[in-house]
Amino acid sequence: MQKARPYFVEWLAAINRFIDYQETQNKTIGADVSEAAGSFPYLQMIGLGSALVLAALSIWAVIASVTVPLNAIAKAIGSLAHGNVDVLIYSEGRSDEIGAMASTVAIFRDKVRERSRLEEEASANRPMSEQERMEREKRRAVQSDF
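These numbers come from a predicted model, not from an experiment.

Some words on the overall build of the chain
Then, in step 1: Secondary structure summary: the chain contains three helices and zero strands in total.
Then, in step 2: Put simply, the chain runs from its N terminus to its C terminus through helices and strands in the order α-α-α.
Then, in step 3: By the compact-globule yardstick of 15 Å for 146 residues, the chain is too spread out, its C-alpha radius of gyration being 46 Å.
Then, in step 4: Each principal axis of the C-alpha distribution contributes one length, and for the chain these read about 170 × 25 × 10 Å.
Then, in step 5: A separation of at least 24 residues holds for 47% of the contacts in the chain among residues at least 6 apart in sequence.
Then, in step 6: A total of about 12300 Å² of accessible surface is found on the chain, and carbon and sulfur atoms cover 64% of it.
Then, in step 7: One way to put it: in the chain the 17 positive side-chain charges average out to a point 2 Å from where the 19 negative ones average out.

What follows is the structure, encoded as structure tokens:
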């Protein structure tokens with residue numbers, strides 16, 4: 001036991017030096033980690049801010065993709081209601097609901113154009129028809145005199 005004692009004390013001292021070394025290393029690493037982790041709240045705020053800006057831009061783009069064409073269709077309908085049949089209807093070629101609405105408004109516009117054309121044609125033919133009627137009546141009057 002007496003012979004082993006100095007070796008045991010030396011071994012214990014070596015273990016204690018190793019533990020002290022490890023503790024010093026842990027403190028150094030811990031300080032580095034704490035320093036690096038100290039910037040995490042700033043990085044989180046930057047990430048959150050970027051995500052909010054991206055979300056806001058995405059929401060704006062989605063809203064604009066719906067409201068801009070609907071406003072254009074509403075403007076075209078208003079123009080048609082005021083008699084302007086030369087209105088352009090945007091979004092007519094789209095394959096979604098907005099495109100279907102635009103196509104329906106375009107059909108309405110075309111029908112209004114056709115009706116206006118027929119009314120103009122009828123108005124143009126009305127004096128000719130009236131003149132033809134008067135000539136027929138004159139012929140009948142002349143024939144009835146014989």
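Structural notes on the pattern of salt bridges
Then, in step 1: This model, assessed by the stated rule, comprises seven salt bridges.
Then, in step 2: One salt-bridge network, held together by shared partners, links Arg109, Asp110 and Arg113.

A word on the nonpolar core
Then, in step 1: Counting residues in hydrophobic clusters, the biggest one holds nine residues: Ile73, Ala76, Leu80, Val87, Ile89, Ile98, Ala102, Val105 and Ala106.
Then, in step 2: Of all the secondary-structure elements, those providing two or more residues to this core are helix H2 (40-81) and helix H3 (97-145).
Then, in step 3: The greatest single-element share of this core, amounting to four residues, is contributed by H3.
Then, in step 4: Leaving out residues up to four positions away in the same chain, alanine 102 has contacts with Ile73, Ile89, Tyr90, Ser91 and Glu92.

Regarding the confidence of the model for the chain
Low pLDDT means the predicted coordinates in that region are not meant to be read closely.
Then, in step 1: Looking at the chain, pLDDT values average 88 and 98% of them are 70 or higher.
Then, in step 2: When mean pLDDT is compared element by element in the chain, H2 scores highest at 93, while H3 scores lowest at 82.

Topic: a nonpolar patch on the surface
Then, in step 1: A cluster of nonpolar side chains, contributed by Phe8, Val9, Trp11, Leu12, Ile15, Phe18, Ile19 and Tyr21, occupies part of the molecular surface with about 800 Å² of accessible area.
Then, in step 2: Examined against the element boundaries, valine 9 turns out to sit in helix H1 (residues 4-38).

Focus on H2
Then, in step 1: Here H2 is 42 residues long and its end C-alpha atoms lie 60 Å apart, about the 62 Å a rise of 1.5 Å per residue gives.
Then, in step 2: Of all the bends in H2, the largest measures some 30° and sits at alanine 64.
Then, in step 3: Every buried residue of H2 is listed here: Ala64, Pro69, Ile73, Ala76 and Leu80.
Then, in step 4: At the C-terminal side of H2, glycine 83 shows a positive phi close to 95°.

Brief notes about the side chain of arginine 109
Then, in step 1: With respect to the element layout, arginine 109 can be found in helix H3.
Then, in step 2: Classification of arginine 109 by relative accessible area gives buried; the value is 10%.
Then, in step 3: Only 3.2 Å separates the side chain of arginine 109 from the side chain of aspartate 110, close enough to count as a polar contact.
Then, in step 4: Setting aside anything within four residues of it in sequence, one finds arginine 109 in contact with Leu80, Val85, Val87, Leu88, Ile89 and Glu92.

Considering unusual backbone geometry
In terms of backbone geometry, most residues other than glycine have negative phi values and most peptide bonds are trans.
Then, in step 1: Look at serine 91: it is not a glycine, yet its phi comes out positive at around 70°.
Then, in step 2: Relative to the elements of secondary structure, serine 91 occurs in the loop between H2 and H3.

Points about the packing of H1 against H2
Packed helices, taken two at a time, are described by their axes: the angle between them and the distance between them.
Then, in step 1: Put simply, H1 and H2 touch, their axes get as near as 5 Å, and they point 25° apart. When the axes of H1 and H2 are compared, the pair comes out roughly parallel. Contacts between H1 and H2 involve Ala36, Ala37 and Gly38 from the former and Phe40, Pro41 and Tyr42 from the latter.
Then, in step 2: Residue classes in the contact of H1 with H2 are distributed as five nonpolar, one polar and no charged.

Rules used in this analysis
- Residues numbered from 1 in each chain as written.
- Predicted model: local features only at pLDDT ≥ 70, side-chain atom pairs only at ≥ 80, totals over all residues.
- Heavy atoms only, no water.
- Helix = DSSP H or I, 4+ residues; strand = E, 2+ residues; numbered from the N terminus.
- Rg over C-alpha atoms; globule rule 2.2 N^0.38 Å.
- Contact = heavy atoms within 4.5 Å.
- Areas by Shrake-Rupley, 256 points an atom, 1.4 Å probe, with all protein chains shown as cover.
- Lys, Arg positive; Asp, Glu negative; His and termini not counted.
- Charge placed at Lys NZ, Arg CZ, Asp CG, Glu CD.
- Salt bridge = Lys/Arg side-chain N within 4 Å of Asp/Glu carboxyl O.
- Core = buried A, V, L, I, M, F, W, Y, C linked by side-chain atoms within 4.5 Å.
- Buried < 20%, exposed > 50% of the residue type's maximum accessible area, 1.4 Å probe, protein only.
- pLDDT = per-residue confidence, 0-100.
- Patch = residues over 30% accessible without salt bridge, like charges linked within 9 Å, V, L, I, M, F, W, Y side chains within 5 Å.
- Expected span 1.5 Å × (residues − 1).
- Bend = angle between axes of the 7 residues up to and from the residue.
- Polar contact = N/O pair within 3.5 Å; in protein donor to acceptor, adjacent residues only side chain to side chain.
- Axes fitted to C-alpha atoms, helices over the stretch in contact; angles between N-to-C directions.
- Parallel < 35°, antiparallel > 145°, perpendicular 65-115°, else oblique.
- Nonpolar A, V, L, I, M, F, W, Y, C, P; charged D, E, K, R; others polar.

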